[in-house]
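So the chains spell out like this:
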2 protein chains.
Amino acid sequence: MRTLIIVAHPELASSGTQQFLRRGAELVAADWQPLSTDFNVATEQVKLRAAERIIWQFPLYWYSAPAILKAWQDQVLTSKFVLHEQGLAGKELGIVVTTDTKASDYQSGAVEQFTLAELLRPYQALANKAGLHWLPSFVINQFRYQTESQQQALLIAYQQYLTLPQPATFTQRQHWFAQQLQQMITNATGERKTQLVLVEQQLAAKQDELEELRWTIEQMRGDD
Amino acid sequence: MRTLIIVAHPELASSGTQQFLRRGAELVAADWQPLSTDFNVATEQVKLRAAERIIWQFPLYWYSAPAILKAWQDQVLTSKFVLHEQGLAGKELGIVVTTDTKASDYQSGAVEQFTLAELLRPYQALANKAGLHWLPSFVINQFRYQTESQQQALLIAYQQYLTLPQPATFTQRQHWFAQQLQQMITNATGERKTQLVLVEQQLAAKQDELEELRWTIEQMRGDD
């Protein structure tokens, strides 16, 4: 999966969230492309053509992306490129959006009144027009209030969002995790290697339990 | 009604639609403010404070305003101004949007899949957060394919959108039209004045018919 992440953040260097996500993107070899106000339209179009999955990643400013992304869209996504040449058709488009608001605020009757899916409609409409396959959005609420283990879980979910077929099944996620662990074991040495092998064995044991449980549930369903 | 029209069009001078609307705005003494990339945040906030009705007027580029408006929003609509000082609270916000697409394309199942009301949600969410009263949007579809009389009717509807309470009742629209006509008669001379007075008499006659019709309908309803 060739994933291109277009990061639209006016103060990227000072964003802890974006620096954190960047490490995750690098580990899965996704193409991390911070947007600046100075870009070349032809170069951007070449990058887009080479990608299979395109991610627009940004903090929510007044319920949409910062102006830097809109300027890029208005100039790079020409009618010629998008409509006549069908330069984006058949690729995937995902939105990674960070907000300082808690998730439950985005619903009718709550503070923000609308869901994020509703607020992101303009991007969905663009995907629709461009022949892009629209992925479920990856929403990060209040990153700075998350515990370290929540942030680690987020990083794994983010890496899976960048690389796995979307929406990913539970089995695909498990398989992905096992692969990552194998790679870590290969690269590790000494005591760390021993620890990681132990983790792997425990996961395998749990995996067996899980398979048995699943089988039992299927049998029970079959009896109905 | 102090109406401030913020016009966000990257090529304003070459837009026939915007030049046409401008004449309408001037006739009702609305404040026509074309956006440039160079603006002063404090000055913009002073203008906003002075307005009673704020209009964001733009062509739809990729299902939202051109980047020039987003840049302005991101910089002028600071948390301090909008949330702490409540600088916009109690005012009205209306969107005047032009598109090259026909109206019926904006619905589920049609080419664009979403209604314009859905696509404009980010602005509605902003209005909600800022304490702005959200007006029904004024949508102009395919201006250049309209006949001259359609364009004239549009101009009147636009002027009413800028000045009348929204949504305006039929009676308010009629009253507005009568006032405009009176003003034209006052300013006219010679044969033109005679013609305008004739129009006024015809309208008054129609008005009497209309009142009778309305009264009859009310009576019929009362009989049920």
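Our subject is the structure listed above.
Here's what I pulled together on the structure shown here. (Residues numbered from 1 in each chain as written. Chains lettered and ligands numbered in written order. Predicted model: local features only at pLDDT ≥ 70, side-chain atom pairs only at ≥ 80, totals over all residues. Heavy atoms only, no water.)

1. Some points on the interface of chain B and chain A
- At the junction of the two partners, chain B supplies 26 residues and chain A supplies 26 residues.
- Summed over both partners, the interface of chain B with chain A buries about 2400 Å², with 64% contributed by carbon and sulfur atoms.
- Applying the counting criterion to the chain B and chain A interface returns four salt bridges.
- Taking the shortest distance from any N to any O, the salt bridge between Glu112 of chain A and Lys129 of chain B comes out at 2.7 Å.
- Between chain B and chain A we count 14 residue pairs in polar contact (both at pLDDT 80 or more) in total. (Contact = heavy atoms within 4.5 Å. Buried area = accessible area lost by both parts, 1.4 Å probe. Salt bridge = Lys/Arg side-chain N within 4 Å of Asp/Glu carboxyl O. Polar contact = N/O pair within 3.5 Å; in protein donor to acceptor, adjacent residues only side chain to side chain.)

2. Observations concerning the pattern of salt bridges
- Taken as a whole, this structure holds 20 salt bridges over all chains when the rule is applied.
- A salt bridge links Glu92 of chain A to Arg53 of chain A; the shortest N-O distance between them is 2.7 Å. Placement of the pair is Glu92 of chain A in strand S4 (residues 92–99) and Arg53 of chain A in strand S3 (residues 53–59), with a sequence separation of 39 residues. Arg53 of chain A matches Glu92 of chain A in its accessibility class, with the two residues each being buried.
- Notably, a salt bridge pairs Glu44 of chain B with Lys47 of chain B, separated by 3.1 Å at the nearest N-O pair. Of this pair, Glu44 of chain B and Lys47 of chain B both sit in helix H2 (residues 41–50), three residues apart, which is roughly one turn of that helix.
- A network of salt bridges, in which partner residues are shared, links Arg49, Lys80 and Glu85 of chain A. (Helix = DSSP H or I, 4+ residues; strand = E, 2+ residues; numbered from the N terminus. Buried < 20%, exposed > 50% of the residue type's maximum accessible area, 1.4 Å probe, protein only.)

3. Brief notes about the environment of Gln107 of chain A
All names here are of chain A.
- On the secondary structure map, Gln107 appears in the loop between S4 and helix H5 (116–119).
- Judged by its relative accessible area of 41%, Gln107 falls in the partly exposed class.
- As for Gln107 and Ala117, which are separated by 10 residues in sequence, their C-alpha atoms are 9.9 Å apart.
- Within the structure, the side chain of Gln107 is placed 3.0 Å from the backbone oxygen of Ser104, a separation counted as a polar contact.

Such coordinate-based values are descriptive only and should not be taken to indicate function.
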